[in-house]
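The chain contents come next:
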Amino acid sequence: MFLSHSEIWRTYWECVSRPYTVFICSLTAALYYLWGRKCQAPALVTSKTFSAFLLKHCPVVSENFSPTPWCWGGRLQTLVCAFIKSKPPAAYRNELIRTVDGGQISLDWVDNQASVPYPESSTRPTVLILPGLTGNSQQSYVLHAICQATRRGYRCVVFNNRGAAGEELLTPVTYCAANTSDLELVVQHVKGLHPHAPLLGAGVSLGGMLLLNYLGRKRAESGMVAGLTISVPWDAQKSSDSMEEPLNWLLFNSYLTRGLRRAVARHRKVLEKVVDIDYVLKARTVREFDERFTSLQFGYNSCTEYYCDASPDKKLPNTAVPILCLNAADDPFSPKCAFPVNIVQGLPNVALLLTAHGGHIAFLQGLFPRGESYMERLFGQFVQAVFEHQRDIRKACGIKEEKTS
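Note that this is a predicted model, so its numbers are computed, not measured. (Residues numbered from 1 in each chain as written. Predicted model: local features only at pLDDT ≥ 70, side-chain atom pairs only at ≥ 80, totals over all residues. Heavy atoms only, no water.)

*Asks:* When you look at the nonpolar core in this model, what are you seeing that I'm missing?
*Replies:* The tendency in soluble globular proteins is for nonpolar side chains to be buried as a group. In terms of nonpolar packing, the biggest core is built from 62 residues, with Leu128, Phe159 and Trp234 touching the most fellow members. Take this core: its biggest share by element is 7 residues, from helix 7 (residues 206-218). With near-sequence residues (within four places) excluded, Leu128 lies in contact with Val157, Phe159, Leu183, Val186, Val187, Leu199, Leu200, Gly201, Ala202 and Met224. Core analysis: the next-biggest nonpolar cluster, separate from the first, contains 46 residues, Tyr154, Val204, Val225 and Ala226 among them. (Core = buried A, V, L, I, M, F, W, Y, C linked by side-chain atoms within 4.5 Å. Buried < 20%, exposed > 50% of the residue type's maximum accessible area, 1.4 Å probe, protein only. Helix = DSSP H or I, 4+ residues; strand = E, 2+ residues; numbered from the N terminus. Contact = heavy atoms within 4.5 Å.)

*Asks:* What exactly am I supposed to notice about the sheet that holds strand 5 (residues 155-160) here?
*Replies:* Strand order across the open sheet formed by 9 strands is 1-9-8-7-6-4-5-3-2, with mixed pairing between neighbours. Pairing within the sheet leaves two strands with one partner each, and these edge strands are strand 1 (43-45) and strand 2 (93-98). Strand-to-strand twist across the sheet, computed as the mean angle between neighbouring axes with direction ignored, equals 20°. Where strand 2 lies against strand 3 (residues 104-110), 6 bridges are found, and the strand directions are antiparallel. Considered in strand 3, the bridge of Leu96 is made with Ser106. Sitting on the sheet, helix 3 (residues 48-57) touches strand 1, strand 8 (323-328) and strand 9 (350-355), and the angle it makes with strand 9 is about 60°. (Pairing = 2+ DSSP bridges. Axes fitted to C-alpha atoms, helices over the stretch in contact; angles between N-to-C directions.)

*Asks:* How should the packing of helix 5 (residues 140-150) against helix 15 (residues 374-388) be read in this particular structure?
*Replies:* To characterise two packed helices, one gives the angle between the axes of the helices and the distance between these axes. Orientation of helix 5 relative to helix 15, taken along the N-to-C sense of each, is 40°, at an axis distance of 9 Å. Taken together, the axes of helix 5 and helix 15 are oblique relative to one another. The chirality of how helix 5 crosses helix 15 is right-handed. Touching Tyr141, His144, Ala145, Gln148 and Ala149 of helix 5 are Met375, Glu376, Arg377, Phe379 and Gly380, all from helix 15. Classifying every residue of the contact of helix 5 with helix 15 gives 5 nonpolar, 3 polar and 2 charged. (Parallel < 35°, antiparallel > 145°, perpendicular 65-115°, else oblique. Left-handed = near helix turned anticlockwise from the far one by under 90°. Nonpolar A, V, L, I, M, F, W, Y, C, P; charged D, E, K, R; others polar.)

*Asks:* Looking at this model, I keep getting lost on the packing of aromatic side chains. Mind explaining?
*Replies:* By convention here, two paired aromatic rings are described through the distance between centres and the angle between planes. A full pass over the atoms with the stated rule returns 8 aromatic pairs. Considering the side-chain rings of Phe65 and Tyr374, the 5.2 Å spacing of their centres and the 65° angle between planes classify their relative orientation as edge-to-face. Of this pair, Phe65 sits in the loop between helix 3 and helix 4 (74-84) while Tyr374 sits in helix 15, placing them 309 residues apart in sequence. Take Phe65 and Tyr374: they sit in the same class, and that class is buried. (Phe/Tyr/Trp six-rings, centres within 6.5 Å; stacked < 30°, edge-to-face > 60°.)

*Asks:* For this particular structure, what's the right way to read helix 4?
*Replies:* Within an α-helix, residues lying three or four positions from one another point in the same direction, as the helix has 3.6 residues per turn. Among all positions in helix 4, only Gly74, Gln77, Thr78, Val80 and Cys81 are buried. The inward-facing, buried residues of helix 4 abut helix 9 (246-266).

*Asks:* Can you help me understand a nonpolar patch on the surface in this one?
*Replies:* Taken together, the side chains of Trp70, Leu367 and Phe368 present a nonpolar region at the surface, about 380 Å² in accessible area. Note on placement: Phe368 falls in the loop between strand 9 and helix 15. (Patch = residues over 30% accessible without salt bridge, like charges linked within 9 Å, V, L, I, M, F, W, Y side chains within 5 Å. Areas by Shrake-Rupley, 256 points an atom, 1.4 Å probe, with all protein chains shown as cover. Salt bridge = Lys/Arg side-chain N within 4 Å of Asp/Glu carboxyl O.)

*Asks:* Got a minute to help me understand the side chain of Glu376 in this structure?
*Replies:* Along the polypeptide, Glu376 turns up in helix 15. A polar contact of 2.5 Å, which involves the side chain of Glu376, links it to the side chain of Ser373. The contacts of Glu376, once residues within four sequence positions are left out, are Lys85, His144, Gln148 and Gly371. (Polar contact = N/O pair within 3.5 Å; in protein donor to acceptor, adjacent residues only side chain to side chain.)

*Asks:* Please clarify how the pattern of salt bridges should be interpreted in this entry.
*Replies:* As a working rule, side chains carrying opposite charge can pair if their charged atoms are close by. Tallying each qualifying case throughout the model produces 15 salt bridges. Here Asp111 and Arg93 are joined by a salt bridge, their closest N and O atoms 2.8 Å apart. One end of the pair, Asp111, is in the loop between strand 3 and strand 4 (126-130); the other, Arg93, is in strand 2, and 18 residues separate them in sequence. You can call Arg93 partly exposed: its relative accessible area is 38%. Salt bridges sharing common partners tie together Asp101, Arg162 and Asp182.

*Asks:* How should the environment of Arg377 be read in this particular structure?
*Replies:* Structurally, the position occupied by Arg377 is in helix 15. In the structure, Arg377 is positioned 232 residues away from Ala145 in sequence and 9.1 Å away in space, judged by C-alpha atoms. Apart from residues lying up to four places away in sequence, Arg377 is in contact with Val60, Glu63, Gln148, Gln365 and Glu372. A polar atom in the side chain of Arg377 sits 2.9 Å from the side chain of Gln365.

*Asks:* So what exactly am I meant to see when it comes to the pairing of strand 6 (residues 199-204) here?
*Replies:* Two faces make up the sheet, and in a regular strand the side chains alternate between them. Most of strand 6 sits inside the fold, with 6 of its 6 residues counted as buried. Residues Leu199, Gly201 and Gly203 of strand 6 are buried on one face, and the alternating residues Leu200, Ala202 and Val204, pointing to the opposite face, are buried as well. Examined bridge by bridge, strand 4 and strand 6 share 5 bridges and lie parallel to one another. Each residue of the ladder has a partner; that of Ile129, found in strand 6, is Ala202. As paired elements, strand 6 and strand 7 (residues 226-230) share 5 bridges and run parallel to each other. Counterpart to Gly203 in the pairing with strand 7 is Thr229. Note that the unit made of strand 6, helix 7 and strand 7 has a crossover that is right-handed. (Right-handed = clockwise from strand over helix to strand, strands pointing away.)

Here's what the structure looks like:
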């Protein structure tokens, strides 16, 4: 039996006029309207030649970044990512190396012996990953980065800051964004094991600050062919100010501070030799923690002095390898007013990729953003572009070829 045109229209109207149907349709339309307005290509700040290289070998750079429709705010992106992001498995091989002062550093390796493009271990490209403030090799962003690199045939090693991966703290020395001595030791160790394998450094948040400070100090002697940073705080003072805004303090600052206090409490026996642990454990913000602990640990007269030394923005002109930096304008950890746009515009080897949205170490896309997102795709494409086109990227960045004897 067939319905007449009038019956069809009447049935259709009865369906769409129901309150819940109207609400759902209106909400969906509103979400996609707003989503469409949020879709825009990231801003790429760099030289013409480096830009041309990235546009050719990293297609994601020119794509519109469309944040998850129900999760486009920076704070929401950051929070949701922490709770729902998947954790791909990684079969780590742990190695503990000793430092000059008697301490130890934990390295987690993914050797990728099954690599098809690079079956020879001695020449297999290596990605050195530096996690964030309280992070280690178990963070979801680290595991996703490893997945991107290993499926392209590369080896990975995660540099866990002292005491951050569950290992014992042997000396009363931890880590900070300004002190690059441990990173220098790790790079020397990795290059000593694989002298003929190119090495790329990838730093996330505080790990990015550490990487940029290292590259600025070592210049052409860094031992790396390139650097990549994600959500790096460019000015530690401005970052601290942003994190102390009431809502940011409630959502993020207090959580990070608790993590820092837990780490100090866990290593209380060795650290109480150099600081007042009870005073440190009363810190309620990251800045208070840095005032009472970090700045004292590393010989600064004040937290302001430490933050000035830790900020990587002014170190960029000293770098001598290609560097790509991804930041979101709505990152509560790294305010856009601190982005070193003017500095980068005058540098041939540094590219600043800025999205309007994405939060801190999030950049979520799709309706169910548990897996690969913009951040991971950029990571994979850039790492591959560097390792597979080393001569081209050096030329694009105005870096002269090293003379061989």
